[in-house]
Amino acid sequence: MTLIDRINSLFEAWIDPFGKTGDLKPPKEPLAYFWHYIGQAKLPFLAMLALGGIVALIEAGLFYFVGRLVDLLDSSARAEGWSGLMAAHGRELLFMLATVVIFRFVFAWAAALVEEQTVNMGFYNLVRWQSYAHVARQSLSFFQNDFAGSIAQKVWQSGGAIGDFVVGIVQVVWFMAVYTLTTLILVAQLDWRLAGLVALWVVLFFALARYYVPRMRGYSAAAAENASALSGRIVDSYSNILTLKLFGTADTDDRYVRAGFDRFMDAMRKMTRTVTSLRSAMTLLSGVMIAAIAALSVHLWTLDIVSVGGVAFTLGLLLRLNMLLGRMMNQLNSLMRNFGVAQNAAELISQPLHLVDAPDAVPLTVSKGEIRFENVSFHYGRESGVIDNLDFTIASGERVGIVGRSGAGKSTLVSLLLRFYELEGGRILIDGQDIARVTQESLRTNIGVVTQDTALLHRSVRANLTYGRQDASEEEITSAAELAEAHEFIADLVDFRGRTGYDAHVGERGVKLSGGQRQRVAIARVLLKNAPILVLDEATSALDSEVEAAIQSQLQTLMAGKTVLAIAHRLSTIAAMDRLIILDKGRIIEEGTHAELLKLGGHYAHLWERQSGGFLDPESAAAQ
């Protein structure tokens, strides 16, 4: 490793993006939100301030050098050449040379190292990582209430917005402040009247900024919110592209996305008009002040108060000051956009976790797998409905099927068991342990779930299979796939990059696979996880009858020794369970075995009759 590589690595390691753990929730108030992250990188930003100030001093000093050089040349005898010039002013000239060539390079290089290698690498990703980690731990309802694309955009942009805002403050505002103060001091040495005009220019500049900046900040926040909403609409359309094409509704979707564009452009219109007004006002101000200061400089020269070098030095400084003020004017636009984006992101990222572990939560220990629902009520925040005062017990190793019409509360029951929502009444116990008093991670580790809407990660088949058990061997992976009737089609997979078999990637949400194939991979994943409690929520709904029949026999093996909660609309898939619970409007209306419920001739028998006996006749189903 070369010396340059070592220096780069040193600065790159200054901020650890992944160093902070635990509570990653930032405050909502914008300035506190900024400081929450900046405070974790105080030293690098202090270094940026110091180095930026030194670079600004050197930049202002260059124009002072120009003025001094003009005066030195004017006072020296041309005939004596370099020898005479060096004899009279050698030390001063060498200092100018060292400043321009060496000091300027060293401090600019150090400033670039801190900004690029430390802040851009470490700080930006620190904000992104902590934002991602906090949001990823939000409740299920948090994600159901917003576009996934909008959430992802805000999380990603938060790092860039905060980083760009702070870097812009240091690079432009702080540099400008040091440069302006240095300019005032240097010009005041020539004549107080010149310094007075420069000071008036700066005061008028900040008066304009004071008027325009609050308006730009408000318009930027509105534009950022509409931009994230528009991004969400676009991602939603692309994510559901099959539905769009199936219904042939491209024009309708265009109008939906166009409405998002219209809102975004309305917000941007106010922003851009404000920026145009600011730029015009700044240009007029700078033109008037440059002309006034130039006229005064020439007037002072005519009175022999200022030398030719002084006039050159003053006008050079002013032209540089004008360029910096113009840059700062343009940067204000960018700063306020970034502030608005960060403020908008803060509203989402700073939300407290809606569902957290109890302070004294302990890992769940499953010895038997008994599940008890005690007087459970849940209404999604409404006064009534969904589930009311539900009581039942699933014994250790018992296989229980839940039956009911759509909206009866079956899937809600599963969500409550997994603690995706807080109960509004009662409690759920696993082996006598209240699931509200155990850690969510340990709870879900001990429950294997196959859902009706199976979505796979856009990763390899192997990564999807081992998601619940990272240490599984290749033999165990293959065995689980075979049990789920998935190994054969997996072996034939080839993705667009030529990866084959278990290394092939399945596309976003598993779109490269058929519904049945996705379901079989999901079943194999749960087989490999081998949790003591098994939840089957329409687990075979996407399978054809032949594949379902083949998997049903394997599910019997999977369910052996486990506590099972199974939900199905297709009654043939749960007819052989040890017990069936019939739900209606969140209450148990019937309970018993398949045969007992048929004899009862009630709700279940009516459902069975409507399905024409399902795919099994009552006698054979009861005999399983």
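The model shown is predicted, which means the values in this text are computed figures rather than measured ones. (Residues numbered from 1 in each chain as written. Predicted model: local features only at pLDDT ≥ 70, side-chain atom pairs only at ≥ 80, totals over all residues. Heavy atoms only, no water.)

Chemist: Looking at this model, I keep getting lost on the nonpolar core. Mind explaining?
Modeler: Across soluble globular proteins, you tend to see nonpolar side chains buried next to one another. The biggest cluster of nonpolar side chains holds 75 residues, and the ones touching the most others in it are Tyr 33, Phe 34, Phe 123 and Ile 162. Ranked by residue count, the leading element in this core is helix H10 (residues 308-349), at 17 residues. Leu 456, Ile 523, Leu 528 and Leu 555 belong to the second-largest nonpolar core, a separate cluster that totals 43 residues. (Core = buried A, V, L, I, M, F, W, Y, C linked by side-chain atoms within 4.5 Å. Buried < 20%, exposed > 50% of the residue type's maximum accessible area, 1.4 Å probe, protein only. Helix = DSSP H or I, 4+ residues; strand = E, 2+ residues; numbered from the N terminus.)

Chemist: I tried to follow helix H9 (residues 250-302) on my own but got confused; where do I start?
Modeler: Two residues of an α-helix separated by three or four positions point the same way, owing to the 3.6 residues in each turn. Taking 1.5 Å of rise per residue, the 53 residues of H9 would be expected to cover 78 Å, and the 75 Å separating its terminal C-alpha atoms lies within 8% of that figure. In the segment just after H9, Asp 304 is the residue with positive phi, at about 65°. (Expected span 1.5 Å × (residues − 1).)

Chemist: Would you mind going over unusual backbone geometry with me for this structure?
Modeler: Note on backbone geometry: most residues besides glycine have negative phi, and most peptide bonds are trans. If you check the backbone angles, Glu 485 has positive phi at about 60° while not being a glycine. Along the chain, Glu 485 falls in the loop between helix H14 (474-483) and helix H15 (487-491). Here the phi dihedral of Lys 585 falls at roughly 55°; this positive angle occurs in a residue that is not glycine. Note that Lys 585 resides in the loop between strand E9 (579-584) and strand E10 (587-592). We classify Lys 585 as exposed; its relative accessible area is 65%.

Chemist: Looking at this model, I keep getting lost on the sheet that holds strand E5 (residues 433-434). Mind explaining?
Modeler: Within a beta sheet, neighbouring strands are joined by backbone hydrogen bonds and run either parallel or antiparallel to one another. Spatially, the four strands line up as an open sheet ordered E2-E1-E4-E5, and their pairing is antiparallel. Each edge of the open sheet carries a strand with a single partner, namely strand E2 (387-394) and E5. Pairing analysis gives five bridges linking strand E1 (residues 371-378) to strand E4 (residues 425-430), with the strands arranged antiparallel. Bridging from a neighbouring strand, Ser 377 pairs with Gly 425 of E4. (Pairing = 2+ DSSP bridges.)

Chemist: I keep staring at the packing of aromatic side chains and nothing clicks. Help me out?
Modeler: Each aromatic ring pair is specified by the distance between its two centres and by the angle formed by the two planes. Using the criterion set out here, one finds 18 aromatic pairs in the structure. Taking the centre distance of 5.2 Å and the plane angle of 90° together, the rings of Phe 18 and Trp 129 count as edge-to-face. Of this pair, Phe 18 sits in the loop between helix H1 (3-12) and helix H2 (30-38) while Trp 129 is found in helix H4 (residues 81-136), placing the two residues 111 residues apart along the sequence. Classification of Trp 129 by relative accessible area gives partly exposed; the value is 35%. One aromatic cluster is present, formed by Tyr 33, Phe 34, Tyr 37, Phe 165 and Phe 339 through successive ring pairs. The ring of Trp 156 has Arg 128 lying over it, and the distance from NZ or CZ to the ring centre is 4.0 Å. Residue placement shows Arg 233 over the ring face of Tyr 256; its charged tip is 4.2 Å from the ring centre. (Phe/Tyr/Trp six-rings, centres within 6.5 Å; stacked < 30°, edge-to-face > 60°. Lys NZ or Arg CZ within 6 Å of the ring centre and 35° of its normal.)

Chemist: Would you take a moment to explain the pattern of salt bridges for this structure?
Modeler: Two side chains carrying opposite charge are able to pair once their charged atoms lie near each other. One pass over the full model with this rule turns up 17 salt bridges. Across the salt bridge formed by Arg 104 and Glu 59, the nearest N and O atoms sit 3.0 Å from each other. In this pair, Arg 104 is assigned in helix H4 and Glu 59 in helix H3 (residues 42-75), connecting sequence segments 45 residues apart. Residue Arg 104 is classed as partly exposed on the basis of its relative accessible area of 36%. With a closest N to O distance of 2.7 Å, Glu 422 and Arg 419 form a salt bridge. With relative accessibility at 4%, the residue Arg 419 sits in the buried group. It is possible to trace a salt-bridge network through shared partners that takes in Glu 370, Arg 372, Glu 374 and Arg 427. (Salt bridge = Lys/Arg side-chain N within 4 Å of Asp/Glu carboxyl O.)

Chemist: Explain the environment of Leu 126 to me, please; I cannot follow it from the model alone.
Modeler: For Leu 126, the position within the fold is in helix H4. When the C-alpha atoms of Leu 126 and Phe 18 are compared, they prove to be 6.5 Å apart, with 108 residues separating the residues in sequence. In this structure Leu 126 touches Ile 15, Asp 16, Pro 17, Tyr 37 and Gln 40, once residues within four positions along its chain are discounted. (Contact = heavy atoms within 4.5 Å.)

Chemist: What exactly am I supposed to notice about the confidence of the model for the protein chain here?
Modeler: Detailed reading of the predicted coordinates is not advisable wherever pLDDT falls low. Averaged over every residue, the pLDDT of the protein chain is 82; residues scoring 70 or more account for 93%. Mean pLDDT across the elements of the protein chain ranges from a minimum in helix H20 (residues 618-623), with 43, to a maximum in E5, with 94. In the predicted structure, residues 613-624 sits below a pLDDT of 50 and forms 20 contacts with residues beyond four places in sequence or in another chain. (pLDDT = per-residue confidence, 0-100.)

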